[in-house]
Amino acid sequence: MKILGIETSCDDTAAAVIENGSKVLSNLVASQTDMHERYGGIIPEIASREHLNSIIPIINKAIDDAGISHKDLDAIAVTNGPGLSGSLLIGVNVAKSLGFAWNKKVFGVNHLEGHIYSAWLENLFKDSKLDFPLACLIASGGHTDLIIMNGHLDYNVIARTRDDAAGEAFDKVARVLGLGFPGGPEIQKAATVNKTSIPPFPRPEIKDSMDFSFSGLKTAVVRRAELDGFYPEGKTYPTPKQVREYAFEFQDAVVDCLIDRTIKSTNLYKCNGIILGGGVAANSHLRSKMSEKSPVPVVIPKISFCTDNGAMIGAAAYFRSKEIATSNWDMDAIPNLPLI
Ligand code: KG4
Ligand code: ZN
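Per-chain numbering applies: the sequence of each chain, read as written, is numbered from 1 onward. Starting at A for chains and at 1 for ligands, labels are handed out in the order in which the entities are written. Reporting in this predicted model follows two pLDDT cut-offs: at least 70 for local features of residues, and 80 or more for side-chain atom pairs to be given and counted; totals over whole chains, interfaces and linings ignore these cut-offs and use all residues. To obtain the side-chain values, all non-hydrogen atoms of the structure were used and water was disregarded.

Trainee: An account of the overall build of the protein is requested, with residue identities and associated values reported.
Mentor: Each helix and strand counted, the protein has 12 helices and 10 strands in total. Exposure classes here rest on a 1.4 Å probe applied to the protein chains alone. A residue is buried below 20% of its type maximum, exposed above 50%, and partly exposed in between. Classification of the 340 residues of the protein by burial places 58% in the buried group. Every residue pair with non-hydrogen atoms within 4.5 Å of one another is taken to be in contact. A separation threshold of at least 6 residues defines the contact pool for the protein, and within that pool the share at least 24 residues apart is 73%. Per element, the accessible surface of the protein, about 14,300 Å² overall, is 51% carbon and sulfur. A run of H or I in DSSP becomes a helix once it reaches four residues, and a run of E becomes a strand once it reaches two; helices and strands are each numbered from the N terminus. Accessible surface is estimated by sampling points in the Shrake-Rupley manner with a 1.4 Å probe; for residues, cover comes only from the protein chains shown.

Trainee: Describe the environment of Ile206, listing the residues and the values that go with them.
Mentor: Here Ile206 is to be found in the loop between helix H7 (183-190) and helix H8 (215-227). As a C-alpha pair, Ile206 and Arg162 span 44 residues in sequence and 9.1 Å in three-dimensional space. When sequence neighbours within four positions are dropped, the list of residues in contact with Ile206 reads Arg162, Asp211, Phe212 and Ser213.

Trainee: I'd like to hear about the coordination of the zinc ion (ligand 2), residue by residue, with values.
Mentor: Any N, O or S atom lying within 2.8 Å of the metal counts as a donor, with the limit raised to 3.2 Å for Na, K and Ca; because water is left out of the atom set, some sites can appear incomplete. For the zinc ion (ligand 2), the full set of protein donor atoms is His111 (NE2), His115 (NE2) and Asp308 (OD), and the range of their distances to it is 2.1 Å. Look at where the donors of the zinc ion (ligand 2) fall in the sequence and you get H-x3-H-x192-D. Taken as a pair, His111 and His115 lie in helix H4 (residues 111-117) at a separation of four residues, close to a single helical turn. Across the pair, exposure class does not vary: His111 and His115 are buried alike.

Trainee: Requested: an account of the state of the cysteines, with residues and values cited.
Mentor: Here, a disulfide means two cysteine sulfur atoms that sit within 2.5 Å of each other. Taken as a whole and judged by the stated rule, the model has zero disulfides. No disulfide involves Cys136; its nearest neighbouring cysteine sulfur is the one of Cys271, lying 8.2 Å away. Here Cys257 is not disulfide-linked; the sulfur of Cys306 is the nearest cysteine sulfur, at 19 Å. What makes Cys257 buried here is its relative accessible area of 2%.

Trainee: Account for the domain arrangement of the protein, with residues named and values stated.
Mentor: Here the protein is partitioned into domain 1 (2-118 + 304-323) and domain 2 (131-296). For the domain bounds, the source is a domain assignment made automatically or taken from a database. The centre of domain 1, based on its C-alpha atoms, is set 27 Å off from the matching centre of domain 2. Each partner contributes to the interface: domain 1 provides 17 residues, whereas domain 2 provides 19 residues. For the pairing of domain 1 and domain 2, the buried interface totals around 1,600 Å² over both sides, and the portion due to carbon and sulfur atoms is 70%. Any Lys or Arg side-chain nitrogen located within 4 Å of an Asp or Glu carboxyl oxygen qualifies as a salt bridge. The interface formed by domain 1 and domain 2 holds zero salt bridges in total. For this analysis, a polar contact is any N or O atom pair within 3.5 Å, provided that within protein one partner can donate a hydrogen and the other can accept it, and provided that sequence-adjacent residues contribute only side-chain to side-chain pairs. Linking domain 1 with domain 2 are six residue pairs in polar contact (both at pLDDT 80 or more). Counting residues per element, the ones that place at least two in the side of domain 1 that touches domain 2 are helix H1 (33-37), H4 and helix H12 (311-321). In terms of residue count, the dominant contributor to the side of domain 1 that touches domain 2 is H4 (five residues). Summed over both partners, buried area is the accessible surface (1.4 Å probe) that two parts give up on being assembled.

Trainee: Hey, could you go over the sheet that holds strand E3 (residues 23-31) for me, with residue numbers and the actual values?
Mentor: Here, a strand pair is defined by DSSP locating no fewer than two bridges between the strands. Read from one edge of the open sheet, five strands run E3-E2-E1-E4-E5, paired in mixed fashion. The open sheet has two edge strands, E3 and strand E5 (105-110), and neither has a second partner. In this sheet, neighbouring strand axes are inclined to one another by 20 degrees on average, regardless of whether the strands run parallel or antiparallel. Sheet topology places strand E1 (residues 2-7) next to strand E4 (residues 75-81); four bridges connect them, and they run parallel. Orientation is described by axes fitted as lines to C-alpha atoms, over the contacting stretch for helices, and by angles from 0 to 180 degrees between their N-to-C directions.

Trainee: Can you break down the pairing of E1 residue by residue, with the values?
Mentor: Where burial is concerned, most of E1 is hidden: five out of the six residues are buried. The turn joining E1 and strand E2 (residues 12-19), which pair antiparallel and follow one another in sequence, is formed by four residues.

Trainee: Outline the sheet that holds strand E7 (residues 144-151), supporting the account with residue identities and numerical values.
Mentor: Spatially, E8-E7-E6-E9-E10 is the arrangement adopted by the five strands of the open sheet, whose pairing is mixed. Strand pairing shows two members of the sheet lacking a second neighbour, strand E8 (154-160) and strand E10 (298-299), which therefore form its edges. Pairing of strand E6 (residues 134-139) with strand E9 (residues 273-277), which is carried by five bridges, proceeds in the parallel orientation. Counted as the bridge partner of Ala135 is Ile274 from E9. Against the sheet, helix H9 (residues 240-268) engages E6, E7, E8 and E9, with an angle of about 25 degrees to E7.

Trainee: Describe the side chain of Arg287, listing the residues and the values that go with them.
Mentor: Mapped onto the secondary structure, Arg287 falls in helix H10 (residues 284-293). At 2.8 Å, the side chain of Arg287 forms a polar contact with the backbone oxygen of Ala281.

Trainee: Before we move on, could you go through the layout of surface pockets and cite the residues and values that matter?
Mentor: Of the volumes computed, that of the largest pocket is approximately 1,100 Å³. Of the grid points, spaced at 1 Å and generated over the protein atoms alone, those admitting a 1.4 Å probe that cannot get out make up cavities, while open sets with protein on both sides within 12 Å along at least five of seven lines make up pockets; any residue with an atom within 4 Å of a point is treated as lining. In terms of lining residues, the largest pocket is bounded by 38 residues, among which Cys10, Asp11, Ile42, Gly141 and Asp171 are the most central. Those elements that provide at least two residues to the lining of the largest pocket are E3, helix H6 (166-176) and H7. Of the domains in this structure, domain 1 (2-118 + 304-323) and domain 2 (131-296) are the two that each give at least three residues to the lining of the largest pocket. Looking at the second largest pocket, it is lined by 15 residues, and the ones nearest its centre are Asn80, Gly108, Val109, Asn110 and Leu337. Of the residues belonging to the lining of the second largest pocket, the class tally is eight nonpolar, four polar and three charged. Grid points are joined across faces, edges and corners, and a volume is the space filled by probe spheres set on the points. Polarity classes work like this: nonpolar for Ala, Val, Leu, Ile, Met, Phe, Trp, Tyr, Cys and Pro, charged for Asp, Glu, Lys and Arg, and polar for all others, with Gly in that last group.

Here it is, written out as structure tokens:
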């Protein structure tokens with residue numbers, strides 16, 4: 001079964017053709033980073049305009065690169081939430097229009113479900129020989145969720161962030177340090193030390209809860225930057241050593257929070273394995289430290305499948321498609337679509 005997966009929930013226009021929920025026949029992403037970089041964050045209006053420019057060429061190329069014609073597609077799947085409403089609307093309406101014109105089944109996929117199913121791409125999960133239940137940590141620019149997966153499409157969301165998402169905290173702290181956007185890769189690049197001369201940043205916990213909280217950690221970075229005299233920007237700048245040390249200590253604190261809650265949940269729910277997903281799962285420190293500390297195997301998609309992509313939507317759609325008999329023409333963009 002060949003599915004065209006379309007993803008436009010945020011600032012990347014992505015399309016892919018996936019066979020039987022795993023084989024990646026093509027996977028393309030048109031990044032808008034250059035457009036948003038100058039503003040230090042995503043401007044929703046610009047994002048939807050850029051999606052409009054890129055979406056048809058990207059879809060055509062994804063079908064060409066897969067070596068097929070649109071006639072060979074069995075279905076079209078598109079992210080219909082959560083995300084930016086103007087961005088989601090472009091993907092949803094293009095998917096429905098193409099489905100109508102090409103006479104294909106069309107349906108919506110939850111973006112978080114897509115991040116979870118990125119672990120099924122290229123047989124990664126099958127080769128791990130693991131079975132349910134699994135603990136899934138999905139950490140991105142908009143979400144930090146811990147989900148227990150008891151079977152396919154069977155989720156129990158046990159924790160989420162109470163304030164900032166982990167990726168959002170990376171992006172904000174990168175700005176404090178005068179680094180570029182998106183902040184996650186920039187902080188990872190700057191964190192080239194493995195020991196620092198500054199005290200560690202706090203690892204916030206919420207009493208009697210597995211939930212995450214990153215805004216206090218972000219404020220701790222800001223307060224120390226004020227004391228060190230380089231924030232607010234403009235007065236003085238951090239030295240290269242300060243950037244390296246702040247980046248390392250901040251990254252280590254976020255990674256520790258993510259690992260702590262994930263491993264506690266794994267033990268509590270007797271999970272056989274851990275799945276990582278979302279843009280923050282591209283972080284090399286998180287990838288290696290989680291594998292090192294976890295009592296169970298950790299399944300980590302390759303980096304291009306952690307950040308937003310159409311392949312993960314095609315993979316999730318394959319498992320969803322069995323329960324969706326006909327096209328869902330009423331499907332709409334739902335900016336706060338819950339996973340369950
Ligand atoms: O999943 P994603 O591509 O889009 C959303 O659904 O939000 O995640 C984007 C987020 C951004 O906040 C970005 O800074 C973060 O993922 N990110 C990283 C890394 N690569 C991307 N955070 C830490 N380390 C990275 N290497
Ligand atoms: Zn995402």
